[in-house]
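Examining the three-dimensional arrangement
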Amino acid sequence: MMRHLAGGLALALAACTAGGIPSSSGGSGGVTVDVSLTQFGPTHTPYGESGGYSPAITVVSVGTQLHFTNVDNFCCHTATEIPGATTFPSGSPFNAGALQQHGTTLSGGFSSGAMQPGASSQTITADQPGTYLFGCFFHYGAPMRAAIVVQ
Ligand SMILES: [Cu+2]
């Protein structure tokens, strides 16, 4: 048994060396949106001022699985959909419901809930084409908001 495990590990290491840089973001073709108020400063987008997430505009095809990861070293951030918005509202559109993790599809609405440092959200499926705006419950005005475009 031990011998079997060791052999598998050696194979995995060899595969990494041969195949280049392994993905750090959970595999299966999923897309990670990094969440950091300190690393991702304000930037202009067609939807208004964005910031706090990288990429500011994530473009994916239908069926893609997404998740958010808090890469800051403090608590907390959320990634919470702004229902029906085509531009970022000037004031925070969120209520305390954003603090509860919910939703597994973009079209159904979602929130990551409060993500601790290093924590990731649930997996969310880009189930229908469209533009989905979202932001952080705690820092919406920072600005901390971004977009996902599903093609
Ligand atoms: Cu935040």
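The structure we're discussing is the one just above.
Residues numbered from 1 in each chain as written. Predicted model: local features only at pLDDT ≥ 70, side-chain atom pairs only at ≥ 80, totals over all residues. Heavy atoms only, no water.

Before going further, it helps to spend a moment on the nonpolar core. Ranked by size, the top nonpolar core spans 19 residues in total, and within it Y53, F68, L106, F110, F134, I148 and V150 carry the most contacts. With three residues, the top contributor of residues to this core is strand β10 (residues 145-150). Apart from the residues within four sequence positions on either side, F110 is in contact with F68, A79, T80, E81, H102, G103, T105, I124 and F134. A85, F94, A98 and L133 belong to the second largest nonpolar core, which has 10 residues in total. (Core = buried A, V, L, I, M, F, W, Y, C linked by side-chain atoms within 4.5 Å. Buried < 20%, exposed > 50% of the residue type's maximum accessible area, 1.4 Å probe, protein only. Helix = DSSP H or I, 4+ residues; strand = E, 2+ residues; numbered from the N terminus. Contact = heavy atoms within 4.5 Å.)

Turning to the packing of aromatic side chains, a few remarks are in order. Inspection of the entire model under this criterion finds six aromatic pairs. Ring geometry for F110 and F134: centres 6.3 Å apart, planes at 50 degrees, overall tilted. Here the residue F110 occupies a position in the loop between β7 (80-81) and β8 (124-125), and F134 occupies one in strand β9 (residues 130-135), the gap between them amounting to 24 residues. Given the relative accessible area of 2%, F110 is considered buried. Judged by relative accessible area, which is 0%, F134 ranks as buried. With centroids separated by 5.1 Å and ring planes inclined at 90 degrees, the aromatic side chains of F137 and F138 adopt a geometry described as edge-to-face. Take F137: its relative accessible area is 25%, and that puts it in the partly exposed class. (Phe/Tyr/Trp six-rings, centres within 6.5 Å; stacked < 30°, edge-to-face > 60°.)

Before going further, it helps to spend a moment on the sheet that holds strand β4 (residues 53-54). Here four strands make up an open sheet; going across it, the order is β4-β1-β6-β8 and the pairing mixed. The open sheet is flanked by β4 and β8, the only strands paired with a single partner. Relative to β4, strand β1 (residues 31-35) runs antiparallel, the two being bridged by two bridges. Bridge pairing in β4 links V35 to Y53. (Pairing = 2+ DSSP bridges.)

This paragraph deals with the coordination of the copper ion. Within the protein, the atoms that donate to the copper ion are H77 (ND1), C136 (SG), H139 (ND1) and M144 (SD), at distances of 2.0 to 2.6 Å. Coordination at the copper ion is tetrahedral, judged from the four donor atoms that bind it and the angles of 93 to 133 degrees they form at the metal. Written as a sequence motif, the donor residues of the copper ion are H-x58-C-x2-H-x4-M. Take C136 and M144: they sit in the same class, and that class is buried. (Donors = N, O, S within 2.8 Å, 3.2 Å for Na, K, Ca; no water. Tetrahedral: all angles 85-135°; square planar, octahedral: opposite > 155°, others 65-115°.)

Moving residue by residue along a regular strand, the side chains alternate between the two faces of the sheet. Where burial is concerned, most of strand β6 (residues 65-70) is hidden: five out of the six residues are buried. Pairing between β1 and β6: five bridges, direction parallel. Considered in β6, the bridge of V31 is made with L66.

One open sheet accounts for four strands, arranged β5-β10-β9-β7; its pairing is mixed. In this open sheet, the two edge strands, each paired with only one partner strand, are β5 (57-60) and β7. Sheet topology note: the β7/β9 ladder contains two bridges and is antiparallel. Among the inter-strand pairings, T80 is bridged to a residue of β9, identified as G135.

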